[in-house]
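# A structural walkthrough
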Amino acid sequence: MQQPDGTPAGIDLSRPSAARVYDYFLGGAHNFEVDRQLAEQIAAMTPNLPATMRAGREFLRRAVRVLLDAGIDQFLDIGSGIPTVGNVHEVAQAANPAARVLYVDIDPVAVAHSRELLAGNERAGVLHADLREPERILAEARASGLVDLDRPVGILLAGVVHFVPDADRPAELLATLRAAAAPGSFLVVSHSTFEDQPPEMLDAQRLSSRTDTEITLRSRVEVAAFFGDWTILDPGVVHMPLWRPDSPSDVDGRPERFGAFGAVARNDRTAG
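### Details of the overall build of the protein chain
Regarding its fold elements, the protein chain presents nine helices and eight strands. Across the 272 residues that make up the protein chain, the buried fraction comes to 50%. In the protein chain, 69% of the contacts between residues at least 6 apart in sequence involve partners at least 24 apart.

Right under this line is the structure:
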C-alpha cells in the first residue's frame, strides 16, 4: 500500500531519512522537503560532502562496468541505500539485460522505497538485513533466486564497511562473504580514511560520532586487508577518483579531498 503521494505505507514523512538525504545528494528524485532541508544543513557544515558522495557513486559505477566486462552477471550490493538514478541495476542491465542485482540495506526506509522502485523488475530485488549478519544475507540471497553463489558474483560494499566498528570485527564479516563466493568472483569496497586528510575534514567526519551511524576511519593497509588473499586489481587501493577514471580530465589535482579509498579484488582461487 502507498500513501496518497505514492510513498510506501508506514514511512514517516515528518522525519528526514538518511537514505533519502543521500538520494538528494546524488541527484535522485526519491526525497522530500524535510530531507532536502537536512541535506542543505549538512552541506553548509561540510561543503565537500555532496561531491564526496557523488565521487563514491561514480567509483561504484566504474567498478560495476569493469565487472561486467569480466563476465559478471549477478551482483550482491550490501549497504545499497535507495537505488536512485544510475544505480547498480541500471548500469548492469543496460549492458546486460539478463544481469541480476540483489540490494541489501539495514535502513527500513531505504528498503521500502527500493521495493516500490523495483516493482516489476524480476531481475532485481531487495533484502532488509545488516552487514553484521553475513550468514543471514548469504542464506536469503540464495533463497531469493537472484544470486547463485556457485557462480561468480560481484559483491559490492560501497561506503558501508566504515559504519562497522572494530568491535564488530569487520574483517571477519568480509571473510565470511568471501568464503561463500565462487572462484572468479569480485569484491568492491570503498571506505573513508584519515590518510591525506586536512584537520578540518577529520573534524567533520568525527561529527558522525554524534549519530547512530558513526564512521570508523581506516588506513590504506586496513582497507587492503579486507580483501584477504584475493587479487587486488590495478591500480590498487587508491583515492576513489584515481581508480580507473574514464578520462584523465576526470581527476583534479586533489583526488584525496574526497576522503575515501576505493579498490576491487578478484577471487583467483581454484574450486575445490
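### Some thoughts on the pattern of salt bridges
Evaluated as defined, the whole model comprises 14 salt bridges. Between Arg132 and Asp168 there is a salt bridge, and its shortest N-O distance comes to 3.1 Å. Of this pair, Arg132 sits in the loop between β3 (124-128) and α6 (134-144) while Asp168 sits in the loop between β4 (154-158) and α7 (170-180), and the two are 36 residues apart along the sequence. Assessed through its relative accessible area of 39%, Arg132 is described here as partly exposed. For Asp168, a relative accessible area of 30% translates into the label partly exposed. A salt bridge links Arg136 to Glu140, with the nearest nitrogen and oxygen atoms 2.8 Å apart. Residue Arg136 and its partner Glu140 are both found in helix α6; the two are separated by four residues, about one turn of the helix.

### Structural notes on the packing of aromatic side chains
Summed over all chains, the structure comprises one aromatic pair. For the pair Phe59 and Trp243, a centre-to-centre distance of 5.7 Å together with 85° between the ring planes defines the contact as edge-to-face. Linking Phe59 in helix α3 (residues 49-69) with Trp243 in the loop between β7 (238-239) and β8 (260-266), this pair joins segments that are 184 residues apart in sequence. Residue class for Phe59 comes out buried when judged on its relative accessible area of 0%. Taking the relative accessible area as the measure of exposure, Trp243 reaches 0% and is therefore buried.

### A closer look at the layout of surface pockets
If you add up the space inside the second largest pocket, you get close to 210 Å³. Along the lines of polarity and charge, the residues of the lining of the second largest pocket split into five nonpolar, no polar and six charged.

### Here we look at the side chain of His239
Within the secondary structure, His239 is located in strand β7. At 2.8 Å, the side chain of His239 and the side chain of Asp196 are in polar contact. Ignoring anything within four residues of it in the chain, the contact list for His239 reads Thr193, Glu195, Asp196, Gln197, Arg220, Pro255, Glu256, Ala260 and Phe261.

Analysis parameters
- Residues numbered from 1 in each chain as written.
- Predicted model: local features only at pLDDT ≥ 70, side-chain atom pairs only at ≥ 80, totals over all residues.
- Heavy atoms only, no water.
- Helix = DSSP H or I, 4+ residues; strand = E, 2+ residues; numbered from the N terminus.
- Buried < 20%, exposed > 50% of the residue type's maximum accessible area, 1.4 Å probe, protein only.
- Contact = heavy atoms within 4.5 Å.
- Salt bridge = Lys/Arg side-chain N within 4 Å of Asp/Glu carboxyl O.
- Phe/Tyr/Trp six-rings, centres within 6.5 Å; stacked < 30°, edge-to-face > 60°.
- 1 Å grid on protein atoms, 1.4 Å probe; cavity = no way out; pocket = protein on both sides within 12 Å on 5 of 7 lines; lining within 4 Å.
- Points joined across faces, edges and corners; volume = space filled by probe spheres on them.
- Nonpolar A, V, L, I, M, F, W, Y, C, P; charged D, E, K, R; others polar.
- Polar contact = N/O pair within 3.5 Å; in protein donor to acceptor, adjacent residues only side chain to side chain.

These results come straight from atomic positions and should not be treated as a statement about function.
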